[in-house]
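What follows is each chain in one-letter form.
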Amino acid sequence: MPTVLITGCSSGFGLETARHFADNGWNVVATMRTPREDILPASDRVRIVALDVTDPNSIARAIAAAGPIDALVNNAGIGFLNAAEGTSMGTVRDIFETNTFGTIAIAMAQAVLPQFRERRAGVIVNVTSSVTLLPLPLLSVYTASKAAVNAFSDVLALEVEPFGIRVRVVLPGRAPHTSFGDNARKLMTAGFPEPYSGMVEQVFAGWAQDTGPVTGPGDVAAAVWRAVTDQNAPAHIPAGADAVALAG
């Protein structure tokens, strides 16, 4: 059976994607910063492995523990919301370390490319965000961290195609029922700059009143499955009805 390594499996998109692949007969290496054996059904096909995508040593240990894999799904990420003026450079670096540098691994991708290249086969799927399709206020840093992965993925796809390796991007829409918001608030300790208070109120009011379609973990799992298993899947795959609408 083929094997997939998925990052950020402690909740939300990553957890549902791990379940989806396991239910469809794949061997799954489900990684997370703090391993929890109880969040996935016990199975010979599922392994829980510790991984911090910002730590090169942790990446090396996880790749060694995983053994040969057929697909890498870079799903780990953190959210953030604030005006650019109110965002410290320390916070910017933290977001890019996880969302951008850890994903493109220049960390994770670099870690698996040698084995994919030697076998002349393999798939890398990077999960980014539909906010890269439509600029939204207070999301400048988060959007930049995800847009960089989109651009990286497009160029990486050209570089590795001669070795039989595919690279795809999945772009989820707004997912209010995941832990994204809770995770984002952990980085928002400084609050919003006072001059932007009106904008902040408007943004939050808009979200509260929004009754349009949203994205669920199952939407993302299905899009990732398509990216991995369908050789003719497009380079960028929106996940969720709202993301599909934005993509046109």
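Here goes a summary of the coordinates provided. (Residues numbered from 1 in each chain as written. Predicted model: local features only at pLDDT ≥ 70, side-chain atom pairs only at ≥ 80, totals over all residues. Heavy atoms only, no water.)

1. Regarding the pattern of salt bridges
Move 1: Applying the stated criterion across every chain, the model contains five salt bridges.
Move 2: Notably, a salt bridge pairs Glu 16 with Arg 19, separated by 3.4 Å at the nearest N-O pair. Of the two residues, Glu 16 and Arg 19 both sit in helix H1 (residues 12–23), three residues apart, roughly one turn of that helix.
Move 3: Where Asp 210 meets Arg 174, a salt bridge forms, and the shortest distance between an N and an O atom there is 3.4 Å. (Salt bridge = Lys/Arg side-chain N within 4 Å of Asp/Glu carboxyl O. Helix = DSSP H or I, 4+ residues; strand = E, 2+ residues; numbered from the N terminus.)

2. Some words on the pairing of strand E2 (residues 27–32)
Move 1: Taking burial as the measure, the six residues of E2 include five buried ones, the bulk of the element.
Move 2: Bridge analysis of strand E1 (residues 3–6) against E2 gives four bridges, and the strand direction is parallel. Its bridge partner lying in E2, Leu 5 is registered against Val 29.
Move 3: Assessed by its sense of winding, the connection that carries the chain from E1 through H1 to E2 is right-handed. (Buried < 20%, exposed > 50% of the residue type's maximum accessible area, 1.4 Å probe, protein only. Pairing = 2+ DSSP bridges. Right-handed = clockwise from strand over helix to strand, strands pointing away.)

3. Structural notes on unusual backbone geometry
Move 1: Although it is not a glycine, Arg 120 sits at a positive phi angle of roughly 55 degrees.
Move 2: Within the secondary structure layout, Arg 120 lies in the loop between helix H4 (108–119) and strand E5 (122–127).
Move 3: Not every positive phi belongs to a glycine, and Leu 138 is a case in point at roughly 75 degrees.
Move 4: Assignment of secondary structure puts Leu 138 in the loop between E5 and helix H5 (140–160).

4. Looking at a nonpolar patch on the surface
Move 1: Where nonpolar side chains cluster on the molecular surface, the patch consists of Leu 133, Leu 134, Leu 136 and Leu 246 and spans about 310 Å² of accessible area.
Move 2: Turning to its location among the elements, Leu 246 is positioned in helix H9 (residues 241–247).
Move 3: Judged by its relative accessible area of 40%, Leu 246 is partly exposed. (Patch = residues over 30% accessible without salt bridge, like charges linked within 9 Å, V, L, I, M, F, W, Y side chains within 5 Å. Areas by Shrake-Rupley, 256 points an atom, 1.4 Å probe, with all protein chains shown as cover.)

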